[in-house]
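# Structure at a glance
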Amino acid sequence: MAAGELTDNGRARVLADGKQIPLLALGVWQVPDGPECENAVRWALEAGYRHIDTAQAYGNEASVGRALRDSGVAREDVFITTKFNPGSRDPEAEAQRSLERLGVDSLDLYIVHWPQGGPTWAWDGMQRARERGYARSIGISNFSASEVDDLLKVAEVAPVVNQVQFSPFEFRRGLLAACEARGLALEAYSPLGTGRHLRDPQVAEIAERLGRTPAQVLIRWALQRGLIVLPKSTHRERIEQNAQVFDFELTSADMDALDGLDGTGGTDRALERLWW
Ligand SMILES: NC(=O)c1ccc[n+]([C@@H]2O[C@H](COP(=O)([O-])OP(=O)(O)OC[C@H]3O[C@@H](n4cnc5c(N)ncnc54)[C@H](OP(=O)(O)O)[C@@H]3O)[C@@H](O)[C@H]2O)c1
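Notes on the structure in this doc start here. (Residues numbered from 1 in each chain as written. Predicted model: local features only at pLDDT ≥ 70, side-chain atom pairs only at ≥ 80, totals over all residues.)

## Section: the environment of aspartate 33
Our working definition: Strands are runs of DSSP state E lasting at least 2 residues, helices are runs of H or I lasting at least 4, and numbering of each runs from the N terminus.
Here aspartate 33 shows up in the loop between β4 (26-27) and α1 (35-46). Along the backbone, aspartate 33 and asparagine 60 are 27 residues apart, and their C-alpha atoms lie at a distance of 4.4 Å.

## Quick word on the pairing of strand β7 (residues 107-112)
For clarity, the cut-off: Residue burial here comes from a neighbour count, namely the number of other C-beta atoms, placed from the backbone, that lie within 10 Å of the residue's own C-beta, with 20 or more meaning buried, 12 or fewer meaning exposed, and in between meaning partly exposed. By definition, two strands form a pair when at least two bridges between them are found by DSSP. When the strands point away from the viewer, a crossover counts as right-handed if the route from the first strand across the helix to the second turns clockwise.
Counting buried positions along β7 gives 6 out of 6 residues, so the element sits mostly inside the fold. Of the strand pairs in this sheet, strand β6 (residues 79-84) and β7 are connected by 4 bridges, and their pairing is parallel. What sits directly across from phenylalanine 84, in β7, is valine 112. Taken together, β6, helix α3 (residues 91-102) and β7 form a β-α-β motif whose crossover is right-handed. Taken together, the 5 bridges between β7 and strand β8 (residues 135-141) define a ladder with parallel strand orientation. Bridge pairing in β8 links tyrosine 110 to isoleucine 138.

## Here's the deal with helix α4 (residues 123-131)
Rules: Regarding the arc, it is the one traced by the directions from the helix axis to the C-beta atoms. By definition, residues are in contact whenever their C-beta atoms, placed on the basis of the backbone, come within 7 Å of each other.
Looking at α4, one finds that the buried residues are Trp123, Gly125, Met126, Ala129 and Arg130. Mapping the buried residues of α4 onto a view down its axis gives an arc of 160°, with all of them on the same face. Among the structural elements, β6, α3, β7, β8 and α5 (145-154) are those in contact with the buried residues of α4. Immediately beyond the C-terminal end of α4, within one or two residues, lies glycine 133, with a positive phi of roughly 85°.

## Re the sheet that holds strand β2 (residues 12-14)
In space, the 3 strands of this open sheet follow the order β1-β2-β3, with antiparallel pairing throughout. Two strands close off the open sheet at either side, each with one partner strand: β1 (6-7) and β3 (20-22). Summarising the sheet, β2 and β3 pair through 3 bridges and their orientation is antiparallel. Its bridge partner being in β3, alanine 12 is matched across the sheet by proline 22.

## Here's the deal with the sheet that holds strand β11 (residues 228-229)
Sheet strands line up and pair through hydrogen bonds in the backbone, either parallel or antiparallel. Within the open sheet, the 8 strands sit side by side as β4-β5-β6-β7-β8-β9-β10-β11. Their pairing is parallel. Looking at strand neighbours, the two that pair on one side only are β4 and β11, the edges of this open sheet. Across 3 bridges, the pairing between strand β5 (residues 51-53) and β6 is parallel. Its bridge partner lying in β6, aspartate 53 is registered against threonine 81.

## Some words on the site of the ligand
Where we set the bar: To decide nearness, the C-beta atom of each residue is placed from the backbone, and the residue is near a molecule or strand if that atom lies within 6 Å of it. Gly is placed with the polar residues, together with every amino acid not listed as nonpolar (Ala, Val, Leu, Ile, Met, Phe, Trp, Tyr, Cys and Pro) or charged (Asp, Glu, Lys and Arg).
Around the ligand lies a shell of 28 residues, among which Gly27, Trp29, Leu192, Ala215 and Lys232 are the nearest. The element best represented in the shell around the ligand is helix α9 (residues 236-243), accounting for 3 residues. Considered class by class, the residues forming the shell around the ligand number 9 nonpolar, 16 polar and 3 charged.

## Concerning the packing of α1 against helix α2 (residues 61-71)
Short version of the rule: Angles here are taken between N-to-C directions and fall from 0 to 180 degrees, while the axes themselves are lines fitted to C-alpha atoms, restricted in helices to the stretch in contact. These descriptions rest on fixed angle ranges, namely under 35 degrees for roughly parallel, over 145 for roughly antiparallel, 65 to 115 for roughly perpendicular, and the rest for oblique. Handedness of a crossing is defined here by the sense of rotation of the near helix relative to the far one, left-handed for an anticlockwise turn of less than a right angle and right-handed for a clockwise turn.
Two numbers describe how α1 lies on α2: the axes approach to 8 Å, and their chain directions differ by 40°. Classed by the angle they form, the pair α1 and α2 counts as oblique. α2 is crossed by α1, and the crossing has right-handed handedness. Each of Cys37, Glu38, Val41, Arg42, Leu45 and Glu46 in α1 lies in contact with α2, whose residues at this interface are Ser63, Val64, Arg66, Ala67, Leu68, Asp70 and Ser71. For the contact of α1 with α2, the class distribution of residues is 6 nonpolar, 2 polar and 5 charged.

Below you can see the structure in the form of structure tokens.
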């Protein structure tokens, strides 16, 4: 199977290292550890999600692991991503701690959460985590095109994804093109603008015309742009609704209208303002 190829009836894609990643994930940023996170993950698995996106910085890996075990879905059928918190020093040791919290033997994907302290220093530890079997694939997040290039100059094992803020309103065309040209799949985080974009009148108009919801329209846009997409919700009916996105298509006119909402100028930067 070639990198970039879609599998599983268009629900997964082949990464540059040959591993397959489900295109739709439940994101669990800002979901408190405990019943709220466990319920969200369990409901997602029941609704057919097979990819969960957590992070060391979210403090809820233990709940993700518990929900996975309680769900009865086999470990090998679920793609688990966590992210190295670059406020700590050792990606290899931190991966081991994530495995303990999650209660799994290996991560499917381990990502440098943001390029704090520069884009390259953490990569040796990420590669070691992979060599030791703690993670099957390794990647990055919040890296601009120039930071991707800096990393690729020194990497022995290349990152296979870049997870960035991405939606019609943050349509970072330059970054998407740079990632695709360098063999990195782009993962769209905050695809609903952390809720903000759901209120946009143009998104609402398209949704109403199609008998869909604004969330479904935004998630579908990301899928049709070839992205991996990570919507977050803690409400069961929304989690279910956000997964009903493989049974309709946006026309090219609607895709163009949504593309036109971009406020980044098609940048190749990952963020307008750094938080670190
Ligand atoms: N790598 C990074 O630095 C980074 C940064 C940000 C995010 N992320 C990842 O991306 C994921 C998603 O981003 P995000 O958390 O910013 O938010 P998002 O998915 O863009 O939006 C989530 C918000 O939309 C609401 N919502 C979700 N589905 C809805 C629906 N069908 N109808 C109405 N409202 C709905 C949610 O409310 P309820 O929960 O109350 O339903 C929540 O307020 C994160 O959880 C995380 O995994 C990564």
